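# Descriptive structure summary
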Amino acid sequence: MKTVEQEIGAILAGNISAITQRSIFNRLGGLAKTPINQLSPGDRLTIMTELENSVRLFARSNSPALIAACSRVLNSGGAMSASGGGLAGAAANAAASASPGGGILSAPKKLPIELEKDIATARLEAWSEAVRIGLSKFASVKVATAVSELARNIIFYAVKGTVELRAVKDDRGSVGLQIIATDQGPGISPQKLDEIWGGTYKSQRGMGKGLVAVKKLVDDFHLDTRPGVGTTVTCVFRGER
Amino acid sequence: MEQELPIIQIRNCLLVSIQTEFHDRLALDLQASLMERVRNVNARGVILDVSAVEIIDSYITRILNDIGKSVRFMGADCFIVGIRPAVAMTLIEMGVELDSVSTALNLDLALEKLELL
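Residues numbered from 1 in each chain as written. Chains lettered and ligands numbered in written order. Predicted model: local features only at pLDDT ≥ 70, side-chain atom pairs only at ≥ 80, totals over all residues. Heavy atoms only, no water.

All right, on to the packing of helix 8 (residues 137–158) of chain A against helix 10 (residues 210–217) of chain A then. Residues and elements named next belong to chain A. Where helix 8 meets helix 10, the closest approach of the two axes is 9 Å, and the angle between their N-to-C directions is 150 degrees. With respect to each other, helix 8 and helix 10 are oriented roughly antiparallel. Along this stretch, helix 8 crosses helix 10, giving a crossing that reads as left-handed. Counting all contacts with helix 8, which are made through Lys142, Thr145, Ala146, Glu149, Leu150 and Asn153, the residues of helix 10 involved are Gly210, Leu211, Ala213, Val214 and Leu217. Classifying every residue of the contact of helix 8 with helix 10 by side-chain character gives 6 nonpolar, 3 polar and 2 charged. (Axes fitted to C-alpha atoms, helices over the stretch in contact; angles between N-to-C directions. Helix = DSSP H or I, 4+ residues; strand = E, 2+ residues; numbered from the N terminus. Parallel < 35°, antiparallel > 145°, perpendicular 65-115°, else oblique. Left-handed = near helix turned anticlockwise from the far one by under 90°. Contact = heavy atoms within 4.5 Å. Nonpolar A, V, L, I, M, F, W, Y, C, P; charged D, E, K, R; others polar.)

Let's shift gears to the confidence of the model for chain A. Residue and element names in this part refer to chain A. Across chain A, the average pLDDT comes to 81, with 85% of residues at 70 or higher. Strand 3 (residues 175–183) holds the highest mean pLDDT among the elements of chain A, 94, whereas helix 5 (residues 80–83) holds the lowest, 40. A low-confidence stretch, residues 78–104 stays under pLDDT 50, and its non-local contacts, those more than four residues away or across chains, total 33 contacts. (pLDDT = per-residue confidence, 0-100.)

Now for helix 7 (residues 116–132) of chain A. All names here are of chain A. The end-to-end C-alpha separation of helix 7 is 25 Å, in line with the 24 Å expected for 17 residues at 1.5 Å each. When you tally the buried positions in helix 7, you get 12 out of 17 residues, the bulk of the element. The set of residues buried in helix 7 consists of Asp118, Ile119, Ala120, Ala122, Arg123, Ala126, Trp127, Ser128, Glu129, Ala130, Val131 and Arg132. Looking at the residues trailing helix 7, positive phi occurs at Gly134, about 100 degrees. (Expected span 1.5 Å × (residues − 1). Buried < 20%, exposed > 50% of the residue type's maximum accessible area, 1.4 Å probe, protein only.)

Let's shift gears to the sheet that holds strand 1 (residues 7–10) of chain B. Residues and elements named next belong to chain B. If you trace the 5 strands from one edge of the open sheet to the other, you get 1-2-3-4-5, paired in mixed fashion. Edge positions in the open sheet fall to strand 1 and strand 5 (102–104), since each of these has one partner strand only. Here the average twist between neighbouring strands, direction ignored, is 30 degrees. In this fold helix 2 (residues 58–73) packs onto strand 3 (45–49), strand 4 (77–81) and strand 5, with an angle of close to 150 degrees to the strand it touches most, strand 4. (Pairing = 2+ DSSP bridges.)

Most peptide bonds are trans, and most residues other than glycine sit at a negative phi. Within the chain, Arg11 of chain B stands out as a residue other than glycine whose phi angle is a positive 50 degrees. We classify Arg11 of chain B as exposed; its relative accessible area is 58%.

If you look at the interface, chain A gives 24 residues, while chain B gives 21 residues. Of the roughly 2100 Å² buried where chain A meets chain B, counting both sides, 59% is carbon and sulfur surface. Summed over the shared surface of chain A and chain B, the number is 2 salt bridges. Notably, a salt bridge pairs Glu93 of chain B with Lys142 of chain A, separated by 3.0 Å at the nearest N-O pair. Counting across the interface, chain A meets chain B through 4 residue pairs in polar contact (both at pLDDT 80 or more). (Buried area = accessible area lost by both parts, 1.4 Å probe. Salt bridge = Lys/Arg side-chain N within 4 Å of Asp/Glu carboxyl O. Polar contact = N/O pair within 3.5 Å; in protein donor to acceptor, adjacent residues only side chain to side chain.)

Residues and elements named next belong to chain A. Where helix 7 meets helix 8, the closest approach of the two axes is 8 Å, and the angle between their N-to-C directions is 155 degrees. In terms of axis orientation, helix 7 runs roughly antiparallel to helix 8. By crossing handedness, the relation of helix 7 to helix 8 is classed as right-handed. Along the contact surface, helix 7 presents Glu116, Ile119, Ala122, Arg123, Ala126, Trp127, Ala130 and Val131, while helix 8 presents Ser140, Val141, Val143, Ala144, Val147, Ser148, Ala151, Arg152 and Ile155. Taken together, the residues of the contact of helix 7 with helix 8 break down into 12 nonpolar, 2 polar and 3 charged.

In this section: the pattern of salt bridges. Under the counting rule described, the total for this entry stands at 15 salt bridges over all chains. The partner of Asp57 of chain B in a salt bridge is Arg152 of chain A, with the nearest N and O atoms 2.8 Å apart. In this pair, Asp57 of chain B is assigned in the loop between strand 3 and helix 2 and Arg152 of chain A in helix 8, connecting two distinct chains. Judged by relative accessible area, Asp57 of chain B falls into the buried class, the value being 0%.

Okay, the environment of Ser17 of chain A next. Mapped onto the fold, Ser17 of chain A is located in the loop between helix 1 (4–12) and helix 2 (18–28). Residue Ser17 of chain A is classed as partly exposed on the basis of its relative accessible area, which comes to 26%.

This paragraph deals with the packing of aromatic side chains. A ring pair, where both rings are aromatic, is described by two values, the distance of the centres and the angle of the planes. By the definition in use, this model includes 3 aromatic pairs over all chains. Judged by centre distance (6.3 Å) and plane angle (80 degrees), the ring pair of Phe156 of chain A and Tyr157 of chain A falls under edge-to-face. Overall, Tyr157 of chain A belongs to the partly exposed group, its relative accessible area being 37%. Centre to centre, the rings of Trp197 of chain A and Phe221 of chain A are 5.8 Å apart; their planes meet at 90 degrees, and the pair counts as edge-to-face. Here Phe221 of chain A lies in strand 4 (residues 220–226) and Trp197 of chain A lies in helix 9 (residues 190–198), a separation of 24 residues in the sequence. Owing to a relative accessible area of 34%, Trp197 of chain A belongs among the partly exposed residues under this scheme. A relative accessible area of 21% means that Phe221 of chain A is categorised as partly exposed. In this structure an aromatic cluster arises from ring pairing among Phe156 and Tyr157 of chain A together with Tyr59 of chain B. Lying over the aromatic face of Trp197 of chain A, Lys215 of chain A brings its terminal NZ or CZ to 4.6 Å of the ring centre. (Phe/Tyr/Trp six-rings, centres within 6.5 Å; stacked < 30°, edge-to-face > 60°. Lys NZ or Arg CZ within 6 Å of the ring centre and 35° of its normal.)

Dropping the structure here:
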């Protein structure tokens, strides 16, 4: 069985300089020399986190596809590149990962939003989730920004709530990211809603434009709010159209 | 968790590099200490470097606008430098304006615009 270094190195070859690869594997320490089929789920997470951080910064081309290809190899126990290996194999893996049903849809992530620092955490989680499912760099920044707005609304107005991230497939088979922000806060009164959508609402702390901004950023937007009960915002980002 | 952003003086210009998560307290402290420093050193301009900031949402935009407004009230100019392309695209799409500050591609160009070089 090949080691992490051999398998991942084959995928990164040509896309990331040898020096950068060296430093990635150095940071992984003993994990780099571990055969792929002996990795624990925690090991895979450590490796993927390192790869996501480095590949995003240093890849010469399409980093989400590269990351997805690495993820596939790690999760498949190394069987993937047995057929191809090297650059051709990596390209094939990347293409396979970008297609729906490629095993990159995962269980939803539910993030508690209770403290101001949770906003930053939610933002980063959303970003890496967006990159992981293969959204473009710009789209991933949009996802993170929308999550930031929604999480901030929860902290400002409802004190606490949750943000849920879920990879979804639409009927045409393209992958997207669904964001569900829920709180049991005061809700938004119909009068205030009119002001918000009309652009005349001014909040004390923000610009009063958070919801409008999110609505403009996403592809699907649904707001369910009941005064005294709470608010749920559900929205979906699709991949490139 | 008290923190304060360092304000660096370059000639008669003040520079703040924003790298941490902005929250209300930090933003208000920065605004207050910037205004104080602008007056003390007769600063001609204030430059906020956001090149390390990966996400700017409407709340952070408002903070930047507020700082810009207060600095302009004192008669200095406020520059935001280093906005990342993806951040700029996102702000445009959201319909959020950075209208109370000037912008420059990087620190050099901001200093140039402030006629300091």
